[in-house]
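Coordinate inspection notes
This is what each chain is made of:
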Amino acid sequence: MSSTELGEFVINVTEESGYTSGVVGVDGVDGANISTATTATLLYCGKALDDFHTSYAKVHGIICLLVCIFGSIANTLNIVVLTRREMRSPTNAILTGLAMADLLVMLDYMPYAINSIPYLQLTREERFTYGWAWYIMFHSIFAQICHTISIWLTVTLAIWRYIAVAYPQRNRQWCDMSKTLAAIFSSYIVCPFLAVPIYLSFSIQSNVELLGCDGNMLPADAVGNAKQARNVTLYRLGTSQLVRDNPALLNVNFWIYSVVFKLIPCIALTILSLRLIGALLEAKQRRSQLTGTATGLKQIVDGRVVDAKSGKQTDKEKQTDRTTRMLLAVLLLFLITEFPQGILGLLSAILKKDFFFNCYLKLGDVMDVLALVNSAINFILYCSMSRQFRSTFNDLFRPRILDRWMAVPQGEDEQAGRSQHQDGATTQITQI
């Protein structure tokens, strides 16, 4: 479930336990009135955060919708490019699985974002239909499953890349395509089971309210007017009987969300990222020593003095370094967006409802949009840091009519022919 939905779930529990007065909004809680719904003082984060939450709530739905639209297009393009024959590799297979999970998150979040736009001015009767309650229940579980898959595929990506850099001689054996596909499918199979406690904690509940002809609550001076009032059954997501009988399950959900879904992957990624950077520097130094670059060894090729390292080897090493830097950017972006959520969730489990209402819930919308940005921005990273991705994307989506107008300069033509001749000679010598 998203940060905001987790907050709504807790408010439903506290309402039933007598902690707060009952207020409902887009999904069971009126986000703009959260501060008025609690009697707890602004103990931890102060009034400034409360004011920020109230202001940001007005634009949260629009921002999330734009991010989701961009992210859906971007992740679709990622899948199309990464599944091309020339792009097939264990690393790209993981990135494809990651793009699929992120795409599902985007598509699932869109209706929620649309319904969060205050300018639509939906009535209370329109917002709390039975169908919408079912969507919220599905969304709360499905979005968390897909995001958890994305998290653990990111951890798998870090492990695979660390092995490729630190143990290159065993990379083909340990991280071949069959083991990679097994790791991807395992994430898609195991992660749904981690969301079982969330599924057991929810149920759709109905209550009858007195609404006006316009579908909204009656003003105070019209409550006694029977002509303007009518009974309407509203539906929202509430706590299951299991949680009502065992309130401790609420803390279990917090611990699972903050520790299993957030902190453990973030700690693992922090360690792996540091080890990956260290292994990258060590491998670069080792290659430098082996090729003689460190000692300044030279050789003569076509009458020119060049480094002892061959051109093909240099290109391969540069490609490896670029790939590693790109994946490190993916990992660091993930840590920036996910670590704060895990820490806030853990503090909410430890400090209970005062911290939750005054800090966690006020930052829930911001954490949600950061998670969506993290799921949408990988396409930009691939385009900016991977030459192979750019080249494949260009071949797939560049209009063919442009090829007629893009003349190849004569100098480049001669250079390409000379290069082809040299490559042919090299191949021939190797075969002999």
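Residue numbers here run from 1 along each chain, matching the order of that chain's written sequence. Local features in a predicted model are, by the rule used here, given only for residues with pLDDT of at least 70; side-chain atom pairs are given and counted only at 80 or more, and totals for whole chains, interfaces and linings are based on all residues. Side-chain figures throughout are based on the complete set of non-hydrogen atoms in the structure, without hydrogens or water.

You'll find the protein chain entered in an unreviewed UniProt entry as G-protein coupled receptors family 1 profile domain-containing protein, with Anopheles farauti given as the organism. Here is the UniProt Sequence similarities (unreviewed entry) comment for the protein chain, exactly as written: "Belongs to the G-protein coupled receptor 1 family." UniProt positions are given in the numbering used here, feature names are shortened, and annotations may be inferred rather than shown by experiment. You can read under Subcellular location (unreviewed entry) in the UniProt record for the protein chain the words "Membrane".

1. Digging into the overall build of the protein chain
Secondary structure is summarised from DSSP: a helix means a run of H or I of at least four residues, a strand means a run of E of at least two, and numbering begins at the N terminus for each. The secondary structure content of the protein chain amounts to 16 helices and four strands. Burial classes: relative accessible area under 20% of the type maximum marks a residue as buried, over 50% as exposed, and values in between as partly exposed (1.4 Å probe, protein chains only). Expressed as a percentage of its 432 residues, the buried residues of the protein chain come to 44%. Only heavy atoms enter the contact rule, under which two residues are in contact if any of them lie within 4.5 Å. Summarising the internal contacts of the protein chain: among those between residues at least 6 apart in sequence, 79% fall at separations of at least 24. Per-residue accessibility takes into account occlusion by the displayed protein chains alone, with areas from the Shrake-Rupley method and a 1.4 Å probe. A total accessible area of about 22,400 Å² is found for the protein chain, and carbon and sulfur atoms account for 63% of it.

2. Observations regarding the nonpolar core
Residues grouped as a nonpolar core are buried Ala, Val, Leu, Ile, Met, Phe, Trp, Tyr and Cys residues, joined through side-chain atoms within 4.5 Å. Judged by nonpolar contacts, the single largest core of 66 residues is most densely connected at Leu95, Tyr109, Leu372, Tyr382 and Phe389. By size, the runner-up hydrophobic cluster in this structure holds 15 residues, among which are Ile151, Val165, Cys266 and Leu276.

3. Some details on empty space enclosed by the protein
A cavity, in this analysis, means grid points on a 1 Å lattice covering only the protein atoms where a 1.4 Å probe fits yet has no way out; a pocket is instead an open set bounded by protein on both sides within 12 Å along at least five of seven lines, and a residue lines either one if it has an atom within 4 Å of a point. Grid points are joined across faces, edges and corners, and a volume is the space filled by probe spheres set on the points. Scanning all chains against the criterion turns up four cavities of 30 Å³ or more. In this model, the second largest cavity occupies a volume close to 70 Å³. What lines the second largest cavity is Leu98, Asp102, Ser150, Thr154, Val330, Phe334, Asn374, Ser375 and Asn378. Taken together, the elements giving at least two residues each to the lining of the second largest cavity come down to helix 4 (90-115), helix 6 (130-166) and helix 12 (311-376). The element best represented in the lining of the second largest cavity is helix 12, accounting for four residues.

4. Some words on the UniProt feature "transmembrane region" (unreviewed entry) in the protein chain
Following the UniProt record, one finds the feature "transmembrane region" (unreviewed entry) at residues 59-81, 93-112, 132-160, 181-202, 254-277, 326-351 and 363-383. Taken end to end, residues 132-160 is 100% helix and 0% strand, and its two terminal C-alpha atoms sit 41 Å from one another. The span residues 181-202 is 91% helix and 5% strand, and its two end C-alpha atoms sit 33 Å from each other.

5. Some points on the packing of helix 6 against helix 8 (residues 177-194)
Axes here refer to lines fitted to C-alpha atoms; in helices the fit is confined to the stretch in contact. Angles between the N-to-C directions go from 0 to 180 degrees. Put simply, helix 6 and helix 8 touch, their axes get as near as 9 Å, and they point 145° apart. In this structure, helix 6 crosses over helix 8, and the sense of that crossing is right-handed. Where helix 6 abuts helix 8, its residues Ile145, Thr148, Ile149, Trp152, Leu153, Thr156 and Trp160 lie against Lys179, Thr180, Ala183, Ile184, Ser187, Tyr188, Cys191, Pro192 and Leu194. Broken down by class, the residue content of the contact of helix 6 with helix 8 amounts to eleven nonpolar, four polar and one charged. Note: crossing handedness is left-handed where the near helix turns anticlockwise from the far helix by less than a right angle, and right-handed where it turns clockwise. Nonpolar residues are Ala, Val, Leu, Ile, Met, Phe, Trp, Tyr, Cys and Pro. Charged residues are Asp, Glu, Lys and Arg, and all others, Gly as well, are polar.

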